[in-house]
Amino acid sequence: AQSVAQPEDQVNVAEGNPLTVKCTYSVSGNPYLFWYVQYPNRGLQFLLKYITGDNLVKGSYGFEAEFNKSQTSFHLKKPSALVSDSALYFCAVRADTGGFKTIFGAGTRLFVKA
Amino acid sequence: EAGVTQSPTHLIKTRGQQATLRCSPISGHTSVYWYQQALGLGLQFLLWYDEGEERNRGNFPPRFSGRQFPNYSSELNVNALELEDSALYLCASSLVGVPNTEAFFGQGTRLTVV
C-alpha cells in the first residue's frame, strides 16, 4: 500500500536560514513524488515533482527537493527562507501501479520568523 | 485557461441536512479527486472519479457519495450531516493515465455544519 510520512508537524526557521521539510514514502512500483504548498483558506499549489532522472529537482519560488531512493525520501529544501514561505506544505506520492491514486502526507506547517 | 473551480465557496448547513458541492476540472482533465481537510489537519482522501466511474474511495461512511458527469464535472454529496463534517473540501483534477503529472486544486468549499 502507498503511504507518505511527514514526520514533523511544524518546522521553525529564521528568515535567511536554510530550511528542510522532510518526507518519506512507501510504494510498490516506481514513485512519482510531488510537493504542494497551501496558504490559509486556499487550495493547494503545486511546487515541484520528481518523475525520473536527476535526483535534485528544482521548483517554484526557489524551492528544490532531493530524491533519495535508498532512504525512500523526498525532502523539500530552500537555501534561504523568506517570511512569505510560511505556509502548510504537503508531500504526495503516486505509483505507476495501483490505479494512480495520489496519497498525501499529513502536512508540515512552516513558520519563518523575521 | 481556467483552473479548477469549486462552488459554493462557503456553505452553512444544519445537522441532518444534505450538502452538495460542485467541481469543474481543468479542460481536458478527466480525473477528479475529492479531499476533506478538517481545521488544522491534513488531507483525507474521499473519492476519485475518472471517465464517469468511481475508481477509488477513502475510508468514509456511505453518506459521502458523488458522481462525475459526462463533461467530467463532479458533485460531492454529504447526507445526514454531522458536526464533524465541518471542513474544507478540496477538489483536484489531473490528466487520466498520466501518473507523472501533478494534480491541480480548486480553492475549496468551506462547509460548516451547525
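Residues numbered from 1 in each chain as written. Chains lettered and ligands numbered in written order. Predicted model: local features only at pLDDT ≥ 70, side-chain atom pairs only at ≥ 80, totals over all residues. Heavy atoms only, no water.

A.B. asks: How would you summarise the overall build of chain A if you had to cite specific residues and measurements?
C.D. replies: When you go through chain A residue by residue, the secondary structure sums to 0 helices and 12 strands. Its helices and strands in sequence order give chain A the pattern β-β-β-β-β-β-β-β-β-β-β-β, from N to C terminus. On C-alpha atoms alone, chain A measures out to a radius of gyration of 14 Å, which is about the 13 Å that the 2.2 N^0.38 rule sets for 114 residues. For chain A, contacts bridging at least 24 residues in sequence account for 57% of all contacts bridging at least 6. For chain A, the computed accessible surface area is about 5,300 Å², with 50% contributed by carbon and sulfur atoms. Across chain A, 11 positive and 8 negative side-chain charges occur, with their mean positions spaced 5 Å apart. (Helix = DSSP H or I, 4+ residues; strand = E, 2+ residues; numbered from the N terminus. Rg over C-alpha atoms; globule rule 2.2 N^0.38 Å. Contact = heavy atoms within 4.5 Å. Areas by Shrake-Rupley, 256 points an atom, 1.4 Å probe, with all protein chains shown as cover. Lys, Arg positive; Asp, Glu negative; His and termini not counted. Charge placed at Lys NZ, Arg CZ, Asp CG, Glu CD.)

A.B. asks: Can you explain the nonpolar core? Please cite residues and give values.
C.D. replies: Residues and elements named next belong to chain A. Among the nonpolar cores identified, the biggest contains 29 residues, and Trp35, Leu47, Leu48, Phe74, Leu76 and Tyr89 are the most heavily contacted of them. At the level of elements, strand E2 (10–14), strand E3 (19–21), strand E5 (31–38), strand E6 (44–50), strand E8 (64–68), strand E9 (73–78), strand E10 (87–95) and strand E12 (108–113) are the ones that each hand at least two residues to this core. The dominant element in this core, judged by the number of residues it contributes, is E10, at 5 residues. Setting aside residues up to four positions removed in sequence, leucine 48 forms contacts with Leu33, Phe34, Trp35, Val57, Lys58, Gly59, Phe63, Glu64, Ala65, Phe74 and Leu76. (Core = buried A, V, L, I, M, F, W, Y, C linked by side-chain atoms within 4.5 Å. Buried < 20%, exposed > 50% of the residue type's maximum accessible area, 1.4 Å probe, protein only.)

A.B. asks: How would you explain the layout of surface pockets if you had to name every residue and give the values?
C.D. replies: By volume, the largest pocket amounts to about 260 Å³. Counting residues per element, the ones that place at least two in the lining of the largest pocket are E10 and E12 of chain A. Here the lining of the largest pocket gets 3 residues from one element, more than from any other, and that element is E12 of chain A. Per-class residue counts for the lining of the largest pocket are 10 nonpolar, 5 polar and 3 charged. Counted as a void, the second largest pocket has a volume near 210 Å³. Lining the second largest pocket are 13 residues, and of these Leu44 and Gln45 of chain A together with Phe104, Phe105 and Gln107 of chain B lie nearest its centre. The set of elements that each furnish at least two residues to the lining of the second largest pocket consists of E6 of chain A together with strand E10 (104–105) of chain B. Split into classes, the residues belonging to the lining of the second largest pocket amount to 7 nonpolar, 5 polar and 1 charged. (1 Å grid on protein atoms, 1.4 Å probe; cavity = no way out; pocket = protein on both sides within 12 Å on 5 of 7 lines; lining within 4 Å. Points joined across faces, edges and corners; volume = space filled by probe spheres on them. Nonpolar A, V, L, I, M, F, W, Y, C, P; charged D, E, K, R; others polar.)

A.B. asks: Can you explain the state of the cysteines? Please cite residues and give values.
C.D. replies: Residues and elements named next belong to chain A. What the rule picks out here adds up to 2 disulfides over all chains. Between the sulfur of cysteine 23 and that of cysteine 91 lies a disulfide, 2.0 Å long from S to S. Taking the sign of the S-S torsion, -65° for the link of cysteine 23 and cysteine 91, the bridge is left-handed. Linking cysteine 23 in the loop between E3 and strand E4 (24–26) with cysteine 91 in strand E10, this pair joins segments that are 68 residues apart in sequence. By relative accessible area, which is 0% here, cysteine 23 ends up buried. Residue cysteine 91 is classed as buried on the basis of its relative accessible area, which comes to 0%. (Disulfide = S-S within 2.5 Å.)

Everything listed here is a matter of coordinates, which is why it stays silent on function.
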